[in-house]
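Listed below, chain by chain, are the residues.
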Amino acid sequence: MATQSSHSQQLMRSERRMFSASDDSAMMKQIQSTHLPDGRFLDVKPILQVIDNVLRHLTPTIDHHALNGGQGHMDAIDGSSATMDSNGMLEALAFLVHKISCEISCKCSGGGDAHATTMVLLNTLSSYSWDAKVVLTLAAFAVNFGECWLVLQLCTTNSLAKSVALLKQLPDILEYSHTLKPQFDALHKLIKAMMEVTKCIVEFTELPSQYISSDVPPMSIAVAHIPTAAYWTIRSVVACAAQITSLVGTRYEFVTSTSEAWELSSLAHKVCNIHEHLQKILQLCHQHIDEKKQTESYEGLKHSFGTPQLDNSKILLKIFSLSKEDPHSLLGPEKTKVHVEVLRRKHVLLLISDLDITHEEIQVLESLYKYDRVTSEVNYEIVWLPIVDRSAWNDSYQQKFLSLQSMMPWYTVNHPSIIEPAVVKYTSEVWNFVKKPIVVTLDPLGKMTCPNALNMLWIWGNTAFPFTTDREASLWKAEAWTVELLVDGLEPNLSNWVRQEKVICLYGGEEMEWIESFTSATKNVAQFLGIGLEMVYVGKSNAKERVKKITGLINERQLSHAWQDANVWFFWKRLESMLFSKTQHGKTNEIDVIKQEVMTLLGYDGSEQGWAVFFSGTDMVRAKGDKVLNAIQSFEQWEDMARVSGFVSAIRGHLEGIADEHHCTRLILPGISGGIAETVVCAECGRTMEMYFMYRCCVE
C-alpha cells in the first residue's frame, strides 16, 4: 500500500504539471461552473458502442476505393445487441442530441470560436454527469458527419446520394483526396484519441464504489481531472466538426492549406497525453480495487476457517474460487471435470506446490494414494493446489503444468488461474508455504487439522491417517531409534535380517576408494568373528548422478547391497522429514535421541567423507569415514571385547576411547516451510554449532 501511495503522489505531481500547462485556473473555474448535475443516471455504454460503430468507419485513410462505394467499410457495421438495446434510450435523448447537433453545425458553419462553442455545449449539458456530456456530444457529432460520410461512400452507385453529394459539393473531396490526406490523417488520429479518452472517463464511472472512494487517491486524482479531460474532448469534437465542414464544398484555392491539419494534430497530441495520464490513474484504481478485493477474500477465508462448518463444501468453494453456480473447475482422477460435491464430508489433503514438484514426490504419493490407501482402508482424497506466478505464465509453464497434472492420479484444479491471490496469500502467511511442497489436511467439516502432513506421509505413510497434529505426536511417542524406523520399507530383506539377528550396516558417501576399503575390512572382521553381516549403500543426497555411478560399481564388484535412485532419494527425504517433524513438535536436541541421531546422519551427509552406522537389535553405533575405517582396521585392539559383548558394543567402546584432535561437522538442510531450531548441538563434541546461510544450485 505504501508503494501505491507513492505512485499516487508522483502521478498527482505529473498530472498537475500536464493539465495546468495550458489550462489556467480561471478557465477551469469557468468549466466547473457549468457543471450542475441533477442526479439523473444515464447508461452511456450502449450509446458509446453505437458511436464507435459510426466513427470507426468515418475517417479511414482516404483512397479512391473507400470513396467509390467500397463495401468493406459498410459491411463491418453490425446490428449488435448493444445497438438494439440503445434504441429506447436514444429515442428519449433524440431531441437533446439533435439540439447539440444543430449547435455544432451552426457554430462551425459560422466560423465561431472553439472555446466559446465548447462552453455553450457544456452549459446545454449542465445537468448531466461528465461522462454523459462527452458521450452525448460525440453522439451528435456521429449523427451529423456519419450522414455526410455515408453519402460520400454511396455517391458513385446511388443516384440519390449522388444528387445530395453534388449539392454539398462532395465530389471536390474525391478530386483532391490525395492532397487532403494530411487533414484526414490528422482527423482520424484526433477522433481515435477522443474515443479513447471518452471510454476511459466512462470506465472511471463504472468502478465499484464499495472498494474505492472518490475522496481519496487514486480516485480523487481522477475526479479532479475528468472535467479537464471532458472539456478537451468536447473541444476536439468542435475542431473535428469545423474541419469536416470546411472540407464540404472546398475549392481549389483552399486545399493546399496545412494549418487545419496542424491544429488537429496539436489537439490530438494533447488529448493523447490526457488519455495516457488517465490510464495511469485508472491502473492505480484497479490495483487499489484488486487489493481491497483480495483483502476481503483473505479475511473471508480466515473467517470461514475460524467458524465451525456443517461440512467442508463452503471452505472448498473458497479455496478453489468456485461458485455455487459453477463448481466444476476441478478435474477428477479420470481427468474429467467434476463437481466439488464429490469431496463433501471427506478427509481432504491439499497438496500445495509450485511447478517444481519432483517426479519422485509424485511417485511416492501415488503409491500411498492408489495402493496403500486401498489396502489399509483409509478414506481420504488428495487435491493438487499449484501456486504459480500469474504474471510470468507462458506456454512453457502451461506445458509443464499439463505434464504434472497428467501424472497425478488424484484431483487437481483445472488451471492454476482459478486460485485467487487471496488463497495464495493464505497458503503463504497461514500455512507457511514457500517453495517446498506441503500437504494441508482438512477434516470432513473443513477444519484444518495439520498445516503440513507431508512429513507424516513420508515417515509413516497411511498409518498416520487421519494426519492430524495430535496423531503425529502420538506416533512419535511410540517410536524409538531403530533400524526399522530408519529404513522402513526401503529394504525388503530387513525383517529377515532382524529375525536372524544379523549386524546391519548402512553406509554412505561418494569416495569410492574409502567404500572399497571399508566394505572389505568390515566383511573380513565379520567373517573372522563368525557373525552375520549385511551392508547397504544408501548413497548421498543431492548427488544423484555420482551416486548412480558408485552404485553401479558396488553392484559390479559385489561389495554390498546398494539401493536404486528412488530408494536413495526417499531415504534422505524421510530423514529430513523426521527432523522437520521433530522441530515442529518442539523437542530439544539434548533430550530427543531420535532427533539427535537424525541430525547426526544429516551432518554426515553434509561432509565430504563417508560414514557408517551399525545396528544389532537395539544396539547401535555410528561414526564418520576415516574414524570408523581406522577402528575396523584396528580390530585386534577390541577383538576380545567383541567376542564377549558383541560386535556393535565392542566397536562403540573402542570409538568412544578415541579422542579427535580436530573435527568439522556441517549440517546442510534444504529450505522448508516451518521453523528450524536456532540451536543445534554438534553430534561429535556436544558444542553448539554456528549458523550460516548456504545457497546451492545445480548440485549435480
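Conventions used here
Residues numbered from 1 in each chain as written. Predicted model: local features only at pLDDT ≥ 70, side-chain atom pairs only at ≥ 80, totals over all residues. Heavy atoms only, no water. Phe/Tyr/Trp six-rings, centres within 6.5 Å; stacked < 30°, edge-to-face > 60°. Lys NZ or Arg CZ within 6 Å of the ring centre and 35° of its normal. Salt bridge = Lys/Arg side-chain N within 4 Å of Asp/Glu carboxyl O. Buried < 20%, exposed > 50% of the residue type's maximum accessible area, 1.4 Å probe, protein only. Helix = DSSP H or I, 4+ residues; strand = E, 2+ residues; numbered from the N terminus. Axes fitted to C-alpha atoms, helices over the stretch in contact; angles between N-to-C directions. Parallel < 35°, antiparallel > 145°, perpendicular 65-115°, else oblique. Left-handed = near helix turned anticlockwise from the far one by under 90°. Contact = heavy atoms within 4.5 Å. Nonpolar A, V, L, I, M, F, W, Y, C, P; charged D, E, K, R; others polar. Pairing = 2+ DSSP bridges. Core = buried A, V, L, I, M, F, W, Y, C linked by side-chain atoms within 4.5 Å. Expected span 1.5 Å × (residues − 1). Bend = angle between axes of the 7 residues up to and from the residue.

Looking at an unreviewed UniProt entry, one finds the protein chain named Sieve element occlusion N-terminal domain-containing protein and attributed to Gossypium mustelinum.

Chemist: Could you clarify how one ought to interpret the packing of aromatic side chains in this entry?
Modeler: In this description, an aromatic ring pair is defined by two values, namely the gap between the centres and the angle between the planes. This structure, assessed with the given rule, holds 31 aromatic pairs. Ring geometry for W393 versus F401: centroids 6.4 Å apart, planes at 65°, classification edge-to-face. Feature note: the residues Y507, W514, F518, F528, Y537, F614, F635, W638 and F647 constitute an aromatic cluster, connected by ring pairs. We note K582 situated over the ring of W476; from NZ or CZ to the ring centre the distance is 4.2 Å.

Chemist: What exactly am I supposed to notice about the pattern of salt bridges here?
Modeler: Oppositely charged side chains are able to pair whenever their charged atoms sit close together. As enumerated under the stated definition, the model contains 24 salt bridges in all. Close ionic contact of R40 with D38 constitutes a salt bridge, the shortest N to O distance being 2.5 Å. By relative accessible area, R40 is classed as partly exposed at 41%. A relative accessible area of 45% places D38 in the partly exposed class. We note a salt bridge from K45 to E206, for which the minimum N-O separation is 3.1 Å. Residue K45 is located in helix α3 (residues 45–55), and its partner E206 is located in the loop between α12 (181–205) and α13 (219–247); the two are separated by 161 residues in the primary sequence. Beyond isolated ion pairs, a larger network of salt bridges with shared partners links D354, D356, K400 and K435.

Chemist: Before we go on, may I ask you to explain the packing of α3 against α12 in this structure?
Modeler: For any two helices packed against each other, one specifies the crossing angle of their axes together with the interaxial distance. Packing of α3 against α12 brings their axes to within 12 Å, and their N-to-C directions diverge by 170°. Regarding the angle of α3 to α12, the classification is roughly antiparallel. α3 and α12 meet at a crossing whose hand is left-handed. Contacts between α3 and α12 involve K45, L48, I51, D52 and L55 from the first element and I191, M195, T198, K199 and V202 from the second. Here the contact of α3 with α12 is composed, by residue class, of 6 nonpolar, 1 polar and 3 charged.

Chemist: In this structure, what is going on with the sheet that holds strand β7 (residues 448–450)? I would like to understand it.
Modeler: To summarise the sheet geometry, strands pair through backbone hydrogen bonds and adopt either a parallel or an antiparallel arrangement. What the 7 strands build is an open sheet, ordered β2-β1-β5-β4-β3-β6-β7; its pairing is mixed. The open sheet has two edge strands, β2 (337–338) and β7, and neither has a second partner. The sheet contact formed by strand β1 (residues 330–331) and β2 spans 2 bridges and is antiparallel. In the sheet register, L331 faces β2, and the bridge partner there is K337.

Chemist: Looking at this model, I keep getting lost on the nonpolar core. Mind explaining?
Modeler: Note on soluble globular proteins: their nonpolar side chains tend to be buried together. Within the largest apolar cluster, 127 residues are counted, with the highest numbers of intra-cluster contacts made by I319, F320, L350, Y507, F518, F614 and F647. Those residues in contact with L350, other than ones at most four positions away along the chain, are I319, F320, V383, W431, I438, V439, V440 and L442.

Chemist: Would you explain the sheet that holds strand β12 (residues 619–624) in this entry?
Modeler: One open sheet accounts for 5 strands, arranged β10-β9-β8-β11-β12; its pairing is mixed. The sheet terminates laterally at β10 (561–562) and β12, the two strands that pair on one side only. With 2 bridges joining them, strand β9 (residues 533–537) and β10 adopt parallel strand pairing. Paired with Y537 across the bridge in β10 is A562. Contacting β11 (611–616) and β12, helix α26 (residues 593–605) crosses the sheet at an angle of about 30° to β12.

Chemist: I keep staring at the side chain of N455 and nothing clicks. Help me out?
Modeler: In this structure, N455 sits in helix α19 (residues 454–460). Among the residues examined, N455 registers a relative accessible area of 4% and is labelled buried. With sequence-adjacent residues up to four places away left out, N455 is seen in contact with S577, F580, S581 and Q584.

Chemist: Help me understand unusual backbone geometry in this model?
Modeler: Phi is mostly negative for residues that are not glycine, and the peptide bonds are mostly trans. Note the cis peptide between P217 and P218, where omega equals 5°. In this fold, P218 is placed in the loop between α12 and α13. With an omega of 10°, the peptide bond running from F465 to P466 counts as cis. Among the structural elements, P466 can be located in the loop between α19 and α20 (469–477). Despite not being glycine, K335 shows a phi value in the positive range, around 65°. You can see K335 is positioned in the loop between β1 and β2. Judged by its relative accessible area of 30%, K335 is partly exposed. Although it is not a glycine, N432 sits at a positive phi angle of roughly 60°.

Chemist: What exactly am I supposed to notice about the packing of helix α23 (residues 512–529) against helix α27 (residues 625–633) here?
Modeler: Remark: α23 packs on α27, axes separated minimally by 9 Å, with the N-to-C direction vectors making an angle of 35°. Crossing of α23 over α27 shows left-handed handedness. Contact residues: W514, S517, F518, A521, T522 and V525 in α23; G625, D626, V628, L629, I632 and Q633 in α27. For the contact of α23 with α27, the residue count by class is 7 nonpolar, 4 polar and 1 charged.

Chemist: What's the story with helix α16 (residues 359–375) in this structure? I'm lost.
Modeler: Helical geometry note: an α-helix holds 3.6 residues per turn, so side chains three or four residues apart project in the same direction. For α16, spanning 17 residues, the distance from its first C-alpha to its last is 23 Å, which sits close to the expected 24 Å at 1.5 Å a residue. At Y369, α16 is deflected by roughly 30°, the largest bend along its length. Listed in full, the buried residues belonging to α16 are E361, I362, V364, L365, L368, Y369 and R373. Against the buried residues of α16 lie β3 (347–353), β4 (380–386), α17 (395–407), β5 (411–413), α19 and α25 (565–584). Positive phi appears at E377, one or two residues downstream of α16, with a value of about 55°.

Chemist: Sorry if this is basic, but what is going on with the environment of E296 here?
Modeler: Turning to its location among the elements, E296 is positioned in helix α14 (residues 259–306). The class for E296 is partly exposed, based on a relative accessible area of 48%. In the structure, E296 is positioned 126 residues away from A422 in sequence and 8.4 Å away in space, judged by C-alpha atoms.

Chemist: Is there a simple way to think about the pairing of strand β6 (residues 438–442) in this case?
Modeler: Along a regular strand, successive side chains alternate from one face of the sheet to the other. Burial analysis of β6 places 5 of its 5 residues in the buried class, the great majority of the element. Neither face of β6 is open: one carries I438, V440 and L442, the other V439 and T441, and all of them are buried. In this sheet, β6 lies alongside β3 in antiparallel orientation, the contact comprising 5 bridges. Within the sheet, the bridge partner assigned to L350 lies in β6 and is V440. When β6 meets β7, the two strands line up antiparallel, connected through 2 bridges. Considered in β7, the bridge of T441 is made with C450. Hairpin connection between β6 and β7: a loop of 5 residues separates the two successive antiparallel strands, and G446 in this loop has a positive phi of roughly 85°.

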